[in-house]
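Coordinates in review
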Amino acid sequence: MKQNFTCIICPNGCDITAELSDTGEVLSVSGNLCPNGEKYVREEVTAPKRNIATSVLVENGELPLASCRLTGPIPKERIFDAVREIHQVHLTAPVKAGSVIIKDLLSLHVNVILTRSVKAKETK
């Protein structure tokens, strides 16, 4: 059986075709312009992973939210669990981009880091 993929690893966005056995094993991969495409397809068939970005609440900040992301991809089936855990975090301004706000999220060996700094509200 053949299955088509669009690689998301680099800007090439290769259209890749994988030949799969009846048991779902990858027999061959074609159409990728670099080795990363083949690796992506093999992983996508056996254990798909995704990286996520979201935001957390910031109290007393110039902005109500600060954006955050994971330091690496996690199993696709754990995305909703991860987002639920991240959304439980409430920070108090000031917060600085690059700060780790959750270490080893759900024991998945990734951290959650802020991608935006938020200053504290100025008092008049």
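Please read these numbers as outputs of a predicted model, since none were measured by experiment.

About the criteria used
- Residues numbered from 1 in each chain as written.
- Predicted model: local features only at pLDDT ≥ 70, side-chain atom pairs only at ≥ 80, totals over all residues.
- Heavy atoms only, no water.
- Helix = DSSP H or I, 4+ residues; strand = E, 2+ residues; numbered from the N terminus.
- Buried < 20%, exposed > 50% of the residue type's maximum accessible area, 1.4 Å probe, protein only.
- Polar contact = N/O pair within 3.5 Å; in protein donor to acceptor, adjacent residues only side chain to side chain.
- Expected span 1.5 Å × (residues − 1).
- Arc of directions from axis to C-beta.
- Contact = heavy atoms within 4.5 Å.
- Pairing = 2+ DSSP bridges.
- Axes fitted to C-alpha atoms, helices over the stretch in contact; angles between N-to-C directions.
- Core = buried A, V, L, I, M, F, W, Y, C linked by side-chain atoms within 4.5 Å.

Overview of the side chain of serine 21
- The topology assignment puts serine 21 in the loop between strand 2 (15-20) and strand 3 (26-30).
- You can call serine 21 buried: its relative accessible area is 15%.
- A polar contact of 2.9 Å, which involves the side chain of serine 21, links it to the side chain of threonine 23.

Regarding helix 1 (residues 35-46)
- If you check helix 1, its first and last C-alpha atoms are 17 Å apart, about what 12 residues at 1.5 Å a residue would give, namely 16 Å.
- Every buried residue belonging to helix 1 is among Gly37, Tyr40, Val41 and Glu44, and all of these are buried. The buried residues of helix 1 occupy an angular sector of 95 degrees when the element is viewed end-on, so they sit on one face. The exposed residues of helix 1 that point more than 90 degrees off its buried face are Pro35, Lys39 and Thr46.
- Buried residues along helix 1 sit against strand 1 (2-6), strand 2, strand 3 and strand 4 (49-50).

Observations regarding helix 2 (residues 79-86)
- Ile79, Ala82 and Ile86 are the residues of helix 2 that are buried. Within helix 2, the buried residues cover an arc of 65 degrees as seen down the axis, which keeps them to one side. Exposed residues lying more than 90 degrees from the buried face of helix 2 are Phe80 and Arg84.
- Looking at the buried side of helix 2, the elements it contacts are strand 4, strand 5 (53-59), strand 6 (65-70), strand 7 (74-75), strand 9 (100-102) and strand 10 (112-114).

A look at the sheet that holds strand 1
- Taken in spatial order, the 3 strands of this open sheet run 1-2-3, and their pairing is antiparallel. Two strands bound the open sheet, and with one partner strand each, they are strand 1 and strand 3. Each neighbouring strand pair of the sheet contributes to a mean axis angle of 25 degrees, computed without reference to strand direction.
- In terms of strand pairing, strand 1 meets strand 2 through 5 bridges, oriented antiparallel. Bridge pairing in strand 2 links lysine 2 to glutamate 19.
- Packing of helix 1 onto the sheet brings it into contact with strand 1, strand 2 and strand 3, and relative to strand 3 it is tilted by some 145 degrees.

A word on the nonpolar core
- Counting residues in each nonpolar core, the largest one holds 22 residues, and the members touching the most others are Val56, Leu70, Ile86, Ile101, Leu105, Val112 and Leu114.
- Counting only elements with at least two residues in this core, the list comes to strand 5, strand 6, helix 2, strand 9 and strand 10.
- In contact with isoleucine 86, not counting residues within four places along its chain, are Ile52, Thr54, Val56, Cys68, Leu70, Ile102, Leu105 and Val112.
- Grouped together as the second largest cluster of nonpolar side chains are 10 residues, Cys7, Leu20, Val29 and Val41 included.

Points about the sheet that holds strand 5
- In space, the 5 strands of this open sheet follow the order 8-5-6-10-9, with mixed pairing throughout. For this open sheet the edge positions go to strand 8 (90-92) and strand 9, each flanked by a neighbour on one side alone. Neighbouring strand axes in the sheet, compared pairwise and without regard to direction, differ in orientation by 45 degrees on average.
- Bridge analysis of strand 5 against strand 6 gives 5 bridges, and the strand direction is antiparallel. The partner of leucine 57 across the bridge, within strand 6, is leucine 65.

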